[in-house]
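Secondary and tertiary structure notes
Listed here are the chains, written in short residue letters.
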Amino acid sequence: MTNVLSVHDLHFSYHDHHPALRGVSLTLCEGDKVALVGPNGAGKSTLMLHLNGILRGQGEVFVGGERLTRDNLPAARAMVGLVFQNPDDQLFSPTVFEDVAFGPLHMGLPKDEVLARVETALNAVRMSNYRDRMSHHLSVGEKKRIAIATVLSMNPQILVLDEPSAGLDPRARRTLINLLRELPITMLVSTHDMRLVEELFPRTIVMDEGLIVADGMTKEILADEKFLNEHGLEKP
Amino acid sequence: MTNVLSVHDLHFSYHDHHPALRGVSLTLCEGDKVALVGPNGAGKSTLMLHLNGILRGQGEVFVGGERLTRDNLPAARAMVGLVFQNPDDQLFSPTVFEDVAFGPLHMGLPKDEVLARVETALNAVRMSNYRDRMSHHLSVGEKKRIAIATVLSMNPQILVLDEPSAGLDPRARRTLINLLRELPITMLVSTHDMRLVEELFPRTIVMDEGLIVADGMTKEILADEKFLNEHGLEKP
Amino acid sequence: MHSDAFDRYHESNSFVHRLDPRVKVIVTIAYILSNALLPDGAWLAFGLSWLFLLFANALSNLGVGFTFKRSFIALPFALVAITVLFSIPGNPISTFRFLFWDLTITDMGLLRFESILIRSWLSVQMAILLVATTRFPDIVHALEHLRVPTILTTIIAFLYRYLFVLVDEVFRLLRAREARSAAVAGVRAGGSVAWRGRVAGNMAGQLFLRSYERSDRVYNAMLARGYSGHLNTINPHEMRRVDYLTTALALIVILLFQLVGRL
Amino acid sequence: MHYSPAPLHIPDGFLNVTVSVIFWVITVIMIGMAVARTNKSLGEKQVPLMGIMAAFIFAAQMINFPVAGGTSGHLLGGALAAIVLGPWAGMLVMTAVIAVQGLLFQDGGLLVMGANIFNMGLLTVAIGYGFYRSVMNKSTGTKLAVAGVAAWLSVMAGALATALQLWLSGTSNLQTAVIAMLSVHALIGIGEALITVAALSFIFRTRPDLLGEGSASAEGGRGWVMAGVVISLIVVLLSPLASADPDGLERVAIDMGFIDAGQSAPYQVIPDYTLPFLGTTPLSTIIAGVIGALVVLGIAILAGRSLQKTS
Ligand SMILES: Nc1ncnc2c1ncn2[C@@H]1O[C@H](COP(=O)(O)OP(=O)(O)OP(=O)(O)O)[C@@H](O)[C@H]1O
Ligand SMILES: Nc1ncnc2c1ncn2[C@@H]1O[C@H](COP(=O)(O)OP(=O)(O)OP(=O)(O)O)[C@@H](O)[C@H]1O
Ligand SMILES: [Mg+2]
Ligand SMILES: [Mg+2]
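Residues numbered from 1 in each chain as written. Chains lettered and ligands numbered in written order. Predicted model: local features only at pLDDT ≥ 70, side-chain atom pairs only at ≥ 80, totals over all residues. Heavy atoms only, no water.

Now for the site of ligand 1. The local shell around ligand 1 holds 15 residues, among which A:Asn40, A:Gly41, A:Lys44, A:Ser45 and A:Thr46 are the closest. Nearby residues place ligand 1 at the junction of chains A and C. The contact in question runs from an oxygen atom of ligand 1 to an N or O atom on the side chain of A:Lys44, over 2.7 Å. The separation between an oxygen atom of ligand 1 and a polar side-chain atom of A:Ser45 is 2.7 Å. Across the complex, the protein chains shield 85% of the 640 Å² of accessible surface that ligand 1 would expose by itself. Counting residues per element, the shell around ligand 1 draws most heavily on helix α1 (residues 44-51) of chain A, which supplies three residues. Classifying every residue of the shell around ligand 1 gives five nonpolar, eight polar and two charged. (Near = heavy atom within 4 Å. Polar contact = N/O pair within 3.5 Å; in protein donor to acceptor, adjacent residues only side chain to side chain. Areas by Shrake-Rupley, 256 points an atom, 1.4 Å probe, with all protein chains shown as cover. Helix = DSSP H or I, 4+ residues; strand = E, 2+ residues; numbered from the N terminus. Nonpolar A, V, L, I, M, F, W, Y, C, P; charged D, E, K, R; others polar.)

This is the structure in structure tokens:
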């Protein structure tokens, strides 16, 4: 298995606030599906924003073996597909089509290629008949799936999802779980939904106060109730 | 037990949309703690907006035994405390104090009484030292509690909460559950969190497509897996 | 995410922090007005004004140099005033060649230029001190007391509250766009200017719609708590004797600057 | 992610007291009228709406897009606010935005706030709404094209007013201020126009009811058309006059008693700050040519795009 994403000793503070990341290191190998859990404010979202260079702290981030610098940022963004927690943050175009096409269009791909990519991405999330709908009027569950399509259309090698199941009703949540299970892509998913973790991810990383406090087999981590409680988590 | 809130055959459509409520009837008795569940778009929020006359459909709503009309609206709003899902919609004043005082002030209470009410409400949610904080600086969990205080200060007889636990981490969710358990008030709470339902509410109402499809003991409803699946729900 | 960085208030319990917000608003405006009224080259008066500012800084427990550090915000604008160096008649000080022109700096021009910069620099510092020592909701209360129409102060209060919510929303939208602004080797990325403009416009439209619908929900929340078209507030501020005294003293001192400046 | 000041906000110290007071008086009168009108015509619902719309304009000003060479286009929002909220509410909303920018962020001064509100809140609203009002009953394509032109002009008007105020205060040389301000804002205005048109077309597609009959957008009377046209005519006539024949304008100002010390303009300087995208190229003829071409291009693109969208 090749190492597709790794982070070495990453530190980051938001302006004059106390540090949000205090030395984070991790490695994802191809095909890994990893859960990232931890209490509110642990630094999960902050870490994710570093993975395609939206935030840039001290330390090193390697994407596809290459160190992330200002110059290869656009290329890294094509490799790491980042989906934000709130689909409303992800969807800024009037129609579903325009949103899913944004990435490929920005990459300067030829028109045919763009259309083909949009088609494939919408198929993957089973929303191809939503092409011309206005994203504004969709339900939360539908928006979540479109949000995933907007990065799938860029053919990323790694999918980074920030709390994909928040606010979904049980049916929509179930559909999302099935979708994630089927996507044959390396994945890092932050969530508060411990049952999702148990069901879907063989490996779990636990963050608290800007540090990784555990990284290992989901089964073992979820079994240690005392440890979970210490970090504001709960058994599923 | 007296009947504090009841709804008879309520119908409602948003402008030219298809009907959101198609004949809803229910009764809450004093001290009842009732969960309202159902898939996205079932009409839960729409129903809640009728309970203190923000929306007014066809059919009848009785609050404290009196039929809701334009004239007794202010009195009804003092009796039914409605907390919206998103605390940013609920907390519209710059400071916590101003927000919690808003209800009592608009009921025309004298200044001393307003101050006393604010004090009591903030104590009830254990946030009295947040009086002079600015709402936008609070964490989601803190905002949720202040949002509840903003209606507690109106001394409502019924608390209506729209998805109070969405987006909270396990610890914050636990704090909220304890708070709701302790509040000695009639309560109607909509949620997608089936474990919250199981833990806190003896009675559950299930809505789907603008209709109430079940109303009874939580234990019995949660036991019927086939029924839950039909309405997009899941066992906790 | 938060845009806390937006808040300019610095928590403390100093003399200046405790003053009624009206006092601070009035003194700030009087101070800025006084600077604007001082004639060009009233160095002594400018100096005294500056001492006044340092004193106010010290009284607010923020450190004597507090406002100084933040005072260069308005500096870029100074460039629009550069032309007065050359365009006001007076005795030439030095001449140099700038591309095609011989430019002559005159003494009067220099005087005017320096005076403009000093006025601006002092004024902006006082305004910084005002927001650093007064919570914004209190400034809004002060405006209410000072007879600014309620509808305007209410809009400002709402603006302030939702500023944070909506600016965060914009940051997240910008972030989403950035996250998908990718390129592949060998292909020119970015699209045309018009396309980029349209994407930005779509974001503005999106934001508009969400704000509009949010205002509906907020209105509902207000209705639910008894709003019926008129906003009632408890205004927690009362002018104490020290507030009156401070105002009077500060205004007298500022008047003295005018005397000194015009002697 | 810091709040970044926009070039039209005049700080304290750059306008003299006379000019500041004159513009405060004009502004207070206009705001007074706006308050009276909104109190009368708008429902209780309008208060949270206007407050949140003000926050929207503030936030929308942060949406930018890369244009070229490190510069970026963004929104001022006066025309957009006027079109979606109607002229009076638009004025109040813009006033609140500028007040908060000045009070909280020192982006624009306090004594000169009257002038800032006039330039960015009143002029932009009058032009934006006036033009839009004149095509209220036309096709969406026409409305969008006109809104784009109005947005561009509204920025130019604000820039011209700023330049004139600086000159009247003896802070800047007339010709330089006018040329510099207008040339920078000819570009900024294109960003304004693009975003305004795209945002409006978004609203037309998703919530046409907000811009149709009976909406706030249809509130203002036909008088606004006159106001918009007259102000733009002044811009169009004054700017060539100001940049070509500063002496003429100056004489008028002296006659009217505005200027205490006459300042002749023997030299021409273009500070590089005001023309970041052109470097230090000084040739005003080239600049004028470039601006002219860009303006025509911008309008053509706009008209083309919007017509294409409706067909
Ligand atoms: N834009 C910001 N400015 C300042 N501080 C921030 C910002 N975003 C996050 N923080 C702070 O950084 C820390 C880490 O936040 P982060 O959003 O990464 O947490 P998280 O683990 O994603 O939490 P959650 O589960 O609530 O999403 C927190 O203390 C938070 O308050
Ligand atoms: N403001 C509105 N305008 C038009 N239609 C609306 C509006 N609000 C809700 N609806 C529609 O009314 C129906 C019921 O919506 P409602 O918000 O009551 O559902 P809900 O049960 O609260 O769902 P959720 O679990 O997602 O909050 C849905 O079909 C929804 O699309
Ligand atoms: Mg997060
Ligand atoms: Mg709902």
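From this point, things continue past the structure.
At the interface, 86 residues of chain C touch 81 residues of chain D. Between chain C and chain D, roughly 7800 Å² of surface is buried when both sides are summed, and carbon and sulfur atoms account for 78% of that area. Here chain C is connected to chain D by one salt bridge. Sorting the residues of the side of chain C that touches chain D by element identifies α2 (21-37), α5 (84-87), β2 (101-106), α6 (107-133), α7 (136-145), α8 (150-179) and α9 (193-224) of chain C as the ones contributing at least two each. When residues in the side of chain C that touches chain D are grouped by element, the largest group, 25 residues, is from α9(C). Counted by class, the side of chain C that touches chain D contains 59 nonpolar, 16 polar and 11 charged residues. (Contact = heavy atoms within 4.5 Å. Buried area = accessible area lost by both parts, 1.4 Å probe. Salt bridge = Lys/Arg side-chain N within 4 Å of Asp/Glu carboxyl O.)

Turning to the pattern of salt bridges, a few remarks are in order. Under the defined criterion, the tally for this structure stands at 45 salt bridges over all chains. With a closest N to O distance of 3.6 Å, A:Glu98 and C:Arg198 form a salt bridge. Here the residue A:Glu98 occupies a position in helix α4 (residues 96-106), and C:Arg198 occupies one in helix α9, the pair thus bridging two chains. When its relative accessible area of 23% is taken as the criterion, C:Arg198 is described as partly exposed. The residue B:Arg131 makes a salt bridge to B:Asp132 at a minimum N-O spacing of 3.9 Å. Residue class for B:Asp132 comes out partly exposed when judged on its relative accessible area of 48%. (Buried < 20%, exposed > 50% of the residue type's maximum accessible area, 1.4 Å probe, protein only.)

Attention now moves to the side chain of B:Thr95. For B:Thr95, the position within the fold is in the loop between α3 (87-90) and α4 (96-106). The exposure class of B:Thr95 is buried, given its relative accessible area of 4%. Of the polar contacts made by the side chain of B:Thr95, one reaches the side chain of B:Glu98; its length is 2.9 Å. With residues near it in sequence (within four places) discarded, B:Thr95 still touches B:Arg133, B:Met134, B:Ser135, C:Arg135 and C:Pro137.

With that settled, consider empty space enclosed by the protein. As enumerated under the stated definition, the model contains eight cavities of 30 Å³ or more in all. The calculated volume of the largest cavity comes to roughly 710 Å³. If you go around the largest cavity, you meet 29 residues; those closest to its centre are A:Arg173, A:His192, A:Asp193, B:Arg173 and B:Asp193. Elements that contribute at least two residues to the lining of the largest cavity include exactly α7 (170-182) and α8 (194-200) of chain A together with α7 (170-182) and α8 (194-200) of chain B. (1 Å grid on protein atoms, 1.4 Å probe; cavity = no way out; pocket = protein on both sides within 12 Å on 5 of 7 lines; lining within 4 Å. Points joined across faces, edges and corners; volume = space filled by probe spheres on them.)

With that settled, the discussion passes to the confidence of the model for chain D. All names here are of chain D. Taken over all residues, the pLDDT of chain D has a mean of 74, while the share at 70 or more is 68%. Confidence, read as mean pLDDT per element, is least for helix α10 (residues 284-310) in chain D (49) and greatest for helix α5 (residues 113-134) (92). Every residue in residues 1-5 scores below 50 in pLDDT, and together they form 11 contacts with partners more than four places removed in sequence or on other chains. Low pLDDT (under 50) marks residues 307-311, which in the prediction has five contacts with non-local residues, meaning those over four places away or in another chain. (pLDDT = per-residue confidence, 0-100.)

Moving on, we come to the sheet that holds strand β2 (residues 19-29) of chain A. All names here are of chain A. A sheet is described by the order of its strands in space; here four strands give the open sequence β2-β1-β4-β5, paired in antiparallel fashion. Only two strands of the sheet have a single neighbouring strand rather than two, namely β2 and β5 (66-67). Relative to β5, strand β4 (residues 58-63) runs antiparallel, the two being bridged by two bridges. Looking at β5, one finds that Val 63 is bridged to Glu 66. (Pairing = 2+ DSSP bridges.)

As a further point, take the pairing of β4(A). All names here are of chain A. Alignment of strand β1 (residues 3-13) against β4, held across five bridges, turns out to be antiparallel. Within β4, the residue paired with His 11 across the bridge is Gln 58. Count of turn residues in the β4/β5 antiparallel hairpin: two residues, of which Gly 64 carries a positive phi of about 55°.

All names here are of chain C. Look at α9: 46 Å from first C-alpha to last across 32 residues, which is about the 46 Å you get at 1.5 Å a residue. Counting buried positions over the 32 residues of α9 gives 27, a clear majority of the element. Positive backbone phi, at 95°, marks Gly 226, one or two positions downstream of α9. (Expected span 1.5 Å × (residues − 1).)

Moving on, we get to the sheet that holds strand β7 (residues 158-162) of chain A. Residues and elements named next belong to chain A. Spatially, the six strands line up as an open sheet ordered β6-β7-β8-β3-β9-β10, and their pairing is mixed. Looking at the sheet topology across the chains shown, the edges are occupied by β6 (80-83) and β10 (211-217). In this sheet, neighbouring strand axes are inclined to one another by 15° on average, regardless of whether the strands run parallel or antiparallel. Two elements, strand β9 (residues 203-208) and β10, share six bridges in a ladder whose sense is antiparallel. Looking at the pairing, Ile 205 lines up with Asp 215 of β10. (Axes fitted to C-alpha atoms, helices over the stretch in contact; angles between N-to-C directions.)

Residues and elements named next belong to chain B. As a matter of local geometry, ligand 2 sits amid 14 residues, with Asn 40, Gly 41, Lys 44, Ser 45 and Thr 46 nearest to it. Asn 40 is positioned such that a nitrogen or oxygen atom in its side chain is 2.8 Å from an oxygen atom of ligand 2. Contact distances for ligand 2 include 2.4 Å between an oxygen atom and a side-chain N or O atom of Thr 46. When the free accessible area of ligand 2 is taken as 630 Å², the share hidden by the protein chains comes to 67%. Here the element with the most residues in the shell around ligand 2 is helix α1 (residues 44-51); it accounts for three residues.

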